[in-house]
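Each chain, letter by letter, is given below.
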Amino acid sequence: PVVTESPPQKEELPVQREVKSAEIRDNGKYDFVFLHEKPLSEKGFEMMQKIIGAMGKTMDTAPIITEMSEIPRAKVFIILGSGAMRKFLPGQRGAPGMWLKTPKGADAFISNSPEQILRFGAATLAVKKIKEDMWRGLKGVMQRINSQSL
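Please read these numbers as outputs of a predicted model, since none were measured by experiment.

Broken down by element type, the protein chain carries four helices and five strands. The linear arrangement of helices and strands in the protein chain, starting from the amino end, is β-α-β-β-α-β-β-α-α. Taken across its 150 residues, the protein chain has 39% of its residues classed as buried. Once local pairs closer than 6 in sequence are excluded, the contacts in the protein chain between residues at least 24 apart make up 66%.

This part is about the environment of I145. Structurally, the position occupied by I145 is in helix α4 (residues 125-147). Residue I145 is classed as buried on the basis of its relative accessible area, which comes to 5%. Remark: the alpha-carbon pair of I145 and D31, spanning 114 residues in sequence, is separated by 6.8 Å. Look past the residues within four positions of I145 in its chain and what remains in contact with it is D31, F32, K75 and V76.

Moving on, we come to the nonpolar core. Residues F32, F34, M48, M55 and I78 are the most contacted members of the largest nonpolar core, which totals 23 residues. For this core, the secondary-structure elements that each account for two or more residues are β1 (30-35), α1 (42-54), β3 (74-80) and α4. Take this core: its biggest share by element is six residues, from α4. In this structure, F32 is in contact with M55, K57, T61, A62, P63, A74, V76, I78, V141 and I145, ignoring residues within four places of it in sequence. Within the second largest apolar cluster, 15 residues are counted, among which are A74, A84, M85 and A108.

Another aspect to go through is the layout of surface pockets. Estimates place the volume of the largest pocket at around 360 Å³. Sorting the residues of the lining of the largest pocket by element identifies α2 (82-88), β5 (107-111) and α3 (114-119) as the ones contributing at least two each. The greatest single-element share of the lining of the largest pocket, amounting to four residues, is contributed by α2. A breakdown of the residues in the lining of the largest pocket according to their chemical character gives five nonpolar, 10 polar and six charged. Of the volumes computed, that of the second largest pocket is approximately 280 Å³. Residue lining of the second largest pocket: L35, I71, F77, I79, F88, L89, T102, P103, K104 and A106, and that is the complete set. Its residues assigned to classes, the lining of the second largest pocket comprises eight nonpolar, one polar and one charged.

The next thing to look at is the confidence of the model for the protein chain. On average, residues of the protein chain carry a pLDDT of 82, and 80% of them reach 70 or more. Counting interchain partners and residues more than four positions distant, the pLDDT-below-50 stretch residues 1-15 has four contacts. Within the model, pLDDT remains below 50 along residues 17-27, and this stretch shows 24 contacts once partners closer than five positions in the same chain are excluded.

For α4, which comprises 23 residues, the first-to-last C-alpha distance of 33 Å matches the rise-based estimate of 33 Å (1.5 Å per residue) to within 8%. If you check which residues of α4 are buried, you get V127, M134, G137, L138, V141, M142 and I145.

Taken in spatial order, the five strands of this open sheet run β2-β1-β3-β5-β4, and their pairing is mixed. Two strands in the sheet have a free side with no partner beyond their single neighbour: β2 (64-65) and β4 (99-101). As judged from the five bridges shared by β1 and β3, these two strands associate in the parallel manner. What sits directly across from L35, in β3, is I79.

Conventions and cut-offs
Residues numbered from 1 in each chain as written. Predicted model: local features only at pLDDT ≥ 70, side-chain atom pairs only at ≥ 80, totals over all residues. Heavy atoms only, no water. Helix = DSSP H or I, 4+ residues; strand = E, 2+ residues; numbered from the N terminus. Buried < 20%, exposed > 50% of the residue type's maximum accessible area, 1.4 Å probe, protein only. Contact = heavy atoms within 4.5 Å. Core = buried A, V, L, I, M, F, W, Y, C linked by side-chain atoms within 4.5 Å. 1 Å grid on protein atoms, 1.4 Å probe; cavity = no way out; pocket = protein on both sides within 12 Å on 5 of 7 lines; lining within 4 Å. Points joined across faces, edges and corners; volume = space filled by probe spheres on them. Nonpolar A, V, L, I, M, F, W, Y, C, P; charged D, E, K, R; others polar. pLDDT = per-residue confidence, 0-100. Expected span 1.5 Å × (residues − 1). Pairing = 2+ DSSP bridges.

This is the structure:
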């Protein structure tokens, strides 16, 4: 008899995040939530895991949301790229590094999409500057949250 092996299965990435109410902080909302227009690529997801870890959070405590129906309450929404701006805040304008308010009055910070950064490819000086600006902005988000009274 002929035995055929099935092709190796690609490792599944953790789901990019359906929020369960039991995971929400005691005060009823997250410190911050990332909003992206669509699920991230494997490399984009890895990049965000590193960023979230450097911010002292996990994917459970700082989820990446890709669907309007999943948006939990948060102190700050971090908008990842222009596609997320169009999807989650239609009609509003902004650029990376800017703060704005959502229609319901929540703070939102605009940042670059990890997918955009990865499309640039090689680590040129321009890409390095974009990454540094992104990180500086995200540190500003953490400072704003830490300075707010809880």
